[in-house]
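Geometric and topological summary
One-letter residues, chain by chain:
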Amino acid sequence: MKSIAELRRDYQLDQLNDEDLLTDPLQQFAKWLQQAIDFPVAEPTAMCLSTVNEQGKPSSRIVLLKNLDQGLWFFTNYLSRKGQDIAVNPHACVNFFWQPLERQVRVEGRLQKISVEQSQQYFNTRPLGSRLGAIVSPQSQPIDDRDTLEASLLALEQRYQNTLPPMPNHWGGYCLVPTYWEFWQGRTNRLHDRIIYQLNKHLWQRQRLAP
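Residues numbered from 1 in each chain as written. Predicted model: local features only at pLDDT ≥ 70, side-chain atom pairs only at ≥ 80, totals over all residues. Heavy atoms only, no water.

1. Thoughts on the nonpolar core
What tends to happen in soluble globular proteins is that the nonpolar side chains get buried as a cluster. Applicable threshold: In plain words, nonpolar cores are sets of buried Ala, Val, Leu, Ile, Met, Phe, Trp, Tyr and Cys residues tied together by side-chain atoms within 4.5 Å. Burial classification: accessible surface area is computed with a 1.4 Å probe over protein chains only, and a residue below 20% of its type maximum counts as buried, one above 50% as exposed, and the rest as partly exposed. Secondary structure is summarised from DSSP: a helix means a run of H or I of at least four residues, a strand means a run of E of at least two, and numbering begins at the N terminus for each. Note on definitions: a residue-residue contact is assigned when non-hydrogen atoms from the two residues lie within 4.5 Å.
If you look at the biggest cluster of nonpolar residues, it comprises 29 residues, and the most contacted ones within it are Phe 29, Leu 72, Phe 96, Trp 98 and Val 105. Mapped by element, the contributors of at least two residues to this core are α1 (25–38), β1 (46–52), β4 (72–77), β5 (91–98), β6 (103–113), β7 (171–185) and β8 (193–200). Apart from residues lying up to four places away in sequence, Phe 96 is in contact with Phe 29, Pro 44, Thr 45, Ala 46, Met 47, Leu 65, Leu 72, Arg 103, Gln 104 and Val 105. Grouped together as the second largest cluster of nonpolar side chains are nine residues, Trp 73, Phe 75, Ile 114 and Phe 123 included.

Take a look at the structure:
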């Protein structure tokens, strides 16, 4: 096997110029996201969400972006590990990596629950299997084996043969309300473009960082 230390790639696809950026970072992100969708990038809405628990220990996982409205929305089980982290520390960070475009976007902010009505509206759009999965899975909790989970799902499918399953009370959405954005474009010789937006007295201030 080739040495891991020798694995490298020189980024030469694009550049990030200050004059090309929009004033509103959410709009700039929406522009880049659309370009990732159109490219197409596989799973362009996949983002690495990092949270911190009450002991100050971080954990990360991939979740899917589901809406852009005053921030970045995703949905989950509120009783999961991430949900428990958020309950004691709502500060979080997400990172998008669109490798084919040689781009990253990092967003820091505060997580807040969206309304039950908004969560219900999205839940109603999910495929039936995903709705049943949200009900049957005690997310992040130990289970005996895969067969137990499959049996629980089968029982639920039979129970809701003729009616739609309700949204669980422990399931819903969060919105990451940003206070910091970083747009990263890979460049040659590791001299990448990094431009940040920071919120200062309700105004976004933009600055370039050294790579």
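Still more ground to cover, so stick around.
2. What to know about the pattern of salt bridges
Worth spelling out the cut-off: Here a salt bridge means any side-chain nitrogen of Lys or Arg lying within 4 Å of a carboxyl oxygen belonging to Asp or Glu.
Applying the stated criterion across every chain yields a total of nine salt bridges. For Arg 146, the salt bridge identified is with Glu 150, shortest N-O distance 2.9 Å. Of the two residues, Arg 146 and Glu 150 both sit in helix α5 (residues 146–159), four residues apart, roughly one turn of that helix. Classification of Arg 146 by relative accessible area gives exposed; the value is 57%. Across the pair Glu 182 and Arg 194 runs a salt bridge whose closest N-O atoms are separated by 2.7 Å. In this pair, Glu 182 sits in strand β7 while Arg 194 sits in strand β8, placing the two residues twelve residues apart along the sequence.

3. Quick look at the pairing of β4
Rules: Between any two strands, at least two bridges found by DSSP are needed for them to pair.
Within β4, six of the six residues are buried, which leaves it mostly tucked inside the rest of the structure. Burial of the side chains of β4 extends over both faces: Leu 72, Phe 74 and Thr 76 are buried on one face and Trp 73, Phe 75 and Asn 77 on the other. In this structure, strand β3 (residues 67–68) lies alongside β4, joined through two bridges in antiparallel fashion. Note that in β4 the partner of Leu 68 across the bridge is Leu 72. From the end of β3 to the start of β4, which pair antiparallel, there are three residues, and Gln 70 there has a positive phi angle of about 65°. Note that β4 and β7 share six bridges and pair antiparallel.

4. A few points about the packing of aromatic side chains
Selection rule: The criterion for an aromatic pair is that two Phe, Tyr or Trp rings (for Trp, the six-membered ring) have centres within 6.5 Å, with stacked assigned to planes under 30 degrees apart, edge-to-face to planes over 60 apart and tilted to the rest.
Inspection of the entire model under this criterion finds 14 aromatic pairs. Here the aromatic rings of Phe 29 and Trp 181 are separated by 5.6 Å at their centres, their planes lie at 45°, and the arrangement is tilted. Placement of the pair is Phe 29 in helix α1 and Trp 181 in strand β7, with a sequence separation of 152 residues. With respect to burial, Phe 29 and Trp 181 carry one shared label: buried.

5. A short note on a nonpolar patch on the surface
Using the following cut-off: To count toward a patch, a residue needs a relative accessible area over 30% and no salt bridge; like charges are then connected within 9 Å, while nonpolar side chains (Val, Leu, Ile, Met, Phe, Trp, Tyr) are connected within 5 Å. With residues, only the protein chains shown are counted as cover, and all accessible areas are computed by Shrake-Rupley using a 1.4 Å probe.
Taken together, Met 1, Ile 4 and Leu 7 make up a surface patch of nonpolar side chains, about 450 Å² in accessible area. Judged by its relative accessible area of 95%, Met 1 is exposed.

6. Some remarks on helix α2 (residues 81–88)
Rules: Here the arc refers to the set of directions running from the helix axis out to each C-beta atom.
Those residues of α2 that fall on the buried side of the exposure criterion are Lys 82, Gly 83, Asp 85 and Ile 86. Considered in projection along α2, the buried side chains sweep an arc of 160° and stay on one side of the axis.

7. Section: the layout of surface pockets
Put simply, the rule reads: Points on a 1 Å grid over protein atoms alone make up a cavity when a 1.4 Å probe fits among them but cannot get out, and a pocket when they form an open set with protein on both sides within 12 Å along at least five of seven lines; lining residues each have an atom within 4 Å of a point. Grid points are joined across faces, edges and corners, and a volume is the space filled by probe spheres set on the points. Each residue is assigned to one class: nonpolar for Ala, Val, Leu, Ile, Met, Phe, Trp, Tyr, Cys and Pro, charged for Asp, Glu, Lys and Arg, and polar for all the others, Gly among them.
Roughly 340 Å³ of internal volume is contained in the largest pocket. Along its surface, the largest pocket is lined by 17 residues, and Phe 75, Thr 76, Arg 126, Gln 139 and Trp 171 are the ones closest to its centre. Secondary-structure elements contributing two or more residues to the lining of the largest pocket are β2 (58–64), β4 and α4 (128–136). When residues in the lining of the largest pocket are grouped by element, the largest group, four residues, is from α4. Taken together, the residues that form the lining of the largest pocket break down as seven nonpolar, seven polar and three charged. Roughly 200 Å³ of volume is contained in the second largest pocket. Taken together, Asp 24, Pro 25, Leu 26, Gln 70, Gly 71, Val 177, Pro 178, Trp 181, Leu 199, His 202 and Trp 204 make up the full set of residues lining the second largest pocket. In terms of residues, the lining of the second largest pocket owes the most to one element, β7, which gives three residues. Partitioning the lining of the second largest pocket into residue classes produces seven nonpolar, three polar and one charged.

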